[in-house]
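# Notes for the structure review
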Amino acid sequence: MAPRKLAAGNWKMNGTLAALAEIDQLLAGPKPGCDVLICPPAVLIQAMAAKGIPTGGQDCHAKASGAHTGDIAAAQLKDVGASHVILGHSERRTDHGETDEMVSAKALAAHEAGLVAIICVGETEAQRDAGQTLDVISAQLAGSVPDCATAANTVIAYEPVWAIGTGRTPTNDQIAEVHALMRDRLSARFADGADVALLYGGSVKPANAAEIFAIAHVNGALVGGASLKAADFGPIIAALSAA
């Protein structure tokens, strides 16, 4: 099978119940020709899922339960309607010191709970400038993706740290180079690695979406700020549908 096209929105720490009106607008639009997912703050997952749009979490704990105040288990996300969970986002790696090993353990927990893990990888500006991008991405894939990963339970999102929320994006050639590397590494390691969906994330917006989706091995996007408003996310979904 070919990788499924996915437009995933990461609301980060934004949104209240009133913001769910954006989901109503999104659902009122044209039927998309791709999969659509929104990952809101945990407190909105149940209400958002009830509207009928695929919904995901933004993190989960590696343990199934226990004395971990403030954390959320993968099974708890599943219980309130989540189908996916974002793991290893650069903001988690930076703000919470998450390592590849920790991300892999969380992905394993997600798989065991029946969630699709969206595993994020990406280089910093310093690593890009030092010519280390491909080595960094290779190491993150090797360390963050568990051996039980399949095309059905795992999505990989390439998000160059320096492009997140900055308005900057890599060149098409830079995106193509990393996505080709990821496809090569996944295909070499997993029997269905050629079918794992590869998303690009980092300042994706209506103005550049079609151009990004035309790049080889880009099967969709993990969208931050532009996913908060139906007026912005809708055109991105349409661009992916047409790709």
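Residues numbered from 1 in each chain as written. Predicted model: local features only at pLDDT ≥ 70, side-chain atom pairs only at ≥ 80, totals over all residues. Heavy atoms only, no water.

## Brief notes about helix α10 (residues 230–242)
The condition that has to hold: For the purposes of this entry, the term helix denotes a DSSP run of H or I that reaches at least four residues, the term strand denotes a run of E that reaches at least two, and both are numbered from the N terminus. Multiplying one less than the number of residues by 1.5 Å gives the expected span of a helix. Residue burial is assigned from relative accessible area. The probe radius is 1.4 Å, only protein chains are included, and a residue is buried under 20% of its type maximum, exposed over 50%, and partly exposed in between. We call two residues contacting when some pair of their heavy atoms lies within 4.5 Å.
Between its first and last C-alpha atoms α10 spans 18 Å; for 13 residues at 1.5 Å apiece the expected length is 18 Å, and the two agree. Taken as a whole, α10 has its buried residues at Ala-230, Phe-233, Ile-236, Ile-237, Ala-239 and Leu-240. Of the surrounding elements, those touching the buried residues of α10 are β1 (6–10), α1 (21–28), β2 (35–39), α9 (206–213) and β8 (220–223).

## What about the side chain of Lys-106?
Applied cut-off: Under the rule applied, a polar contact is a pair of N or O atoms within 3.5 Å (in protein, one hydrogen donor and one hydrogen acceptor; residues adjacent in sequence only if both atoms are side-chain atoms).
Secondary-structure assignment places Lys-106 in helix α5 (residues 100–112). Here Lys-106 falls in the buried class, since its relative accessible area comes to 9%. Reaching out from Lys-106, the side chain makes a polar contact with the side chain of Glu-98 at a distance of 2.6 Å. The contacts of Lys-106, once residues within four sequence positions are left out, are Asp-59, Cys-60, His-61, Ala-62, Leu-87, Arg-92 and Glu-98.

## Side note on the nonpolar core
Across soluble globular proteins, nonpolar side chains have a tendency to be buried as a group. To keep it simple, the criterion reads: Within this scheme, the nonpolar core is defined by two criteria: the residues are buried Ala, Val, Leu, Ile, Met, Phe, Trp, Tyr or Cys, and they are joined through side-chain atoms within 4.5 Å.
Ile-156, Met-182, Phe-213 and Phe-233 are the most contacted members of the largest nonpolar core, which totals 58 residues. Per element, the largest residue contribution to this core is 6 residues, and it comes from α10. Beyond its immediate stretch of four places on either side in the chain, Met-182 contacts Val-121, Ile-137, Leu-141, Ile-156, Tyr-158 and Leu-198.

## A look at the pairing of β8
Heads up, the condition is: Strand pairing is assigned whenever DSSP detects at least two bridges linking the two strands. Note on handedness: a clockwise path from strand one over the helix to strand two, with the strands aimed away from the viewer, defines a right-handed crossover.
Burial along β8 is two-sided: the residues Gly-220 and Leu-222 and Ala-221 and Val-223 are all buried. As judged from the 4 bridges shared by β1 and β8, these two strands associate in the parallel manner. Residue Ala-7 lies in a different strand from β8, and its bridge partner there is Ala-221. As paired strands, strand β7 (residues 197–200) and β8 are joined by 2 bridges and run parallel to one another. By the bridge assignment, Leu-199 is partnered in β8 with Gly-220. With α9 bridging β7 and its parallel neighbour β8, the resulting β-α-β unit is right-handed.

## Describing the packing of helix α7 (residues 133–144) against helix α8 (residues 172–189)
Stated precisely, the cut-off is as follows: Angular values range over 0 to 180 degrees, each being the angle between N-to-C directions of two axes fitted as lines to C-alpha atoms, with helices fitted over their stretch in contact. Helix crossings fall into two classes, left-handed where the near helix is turned counterclockwise from the far one by less than a right angle and right-handed where it is turned clockwise. Side-chain classes are defined by residue name, with Ala, Val, Leu, Ile, Met, Phe, Trp, Tyr, Cys and Pro counting as nonpolar, Asp, Glu, Lys and Arg as charged, and the others, Gly among them, as polar.
Following both chains from N to C, one finds α7 and α8 inclined at 35°, their axes separated by 10 Å at the closest point. Our pair here, α7 against α8, has a crossing hand that is right-handed. Along the contact surface, α7 presents Thr-133, Leu-134, Ile-137, Ser-138, Leu-141 and Ala-142, while α8 presents Glu-177, Val-178, Leu-181, Met-182, Arg-185 and Arg-189. Across the contact of α7 with α8, the residue classes break down as 7 nonpolar, 2 polar and 3 charged.

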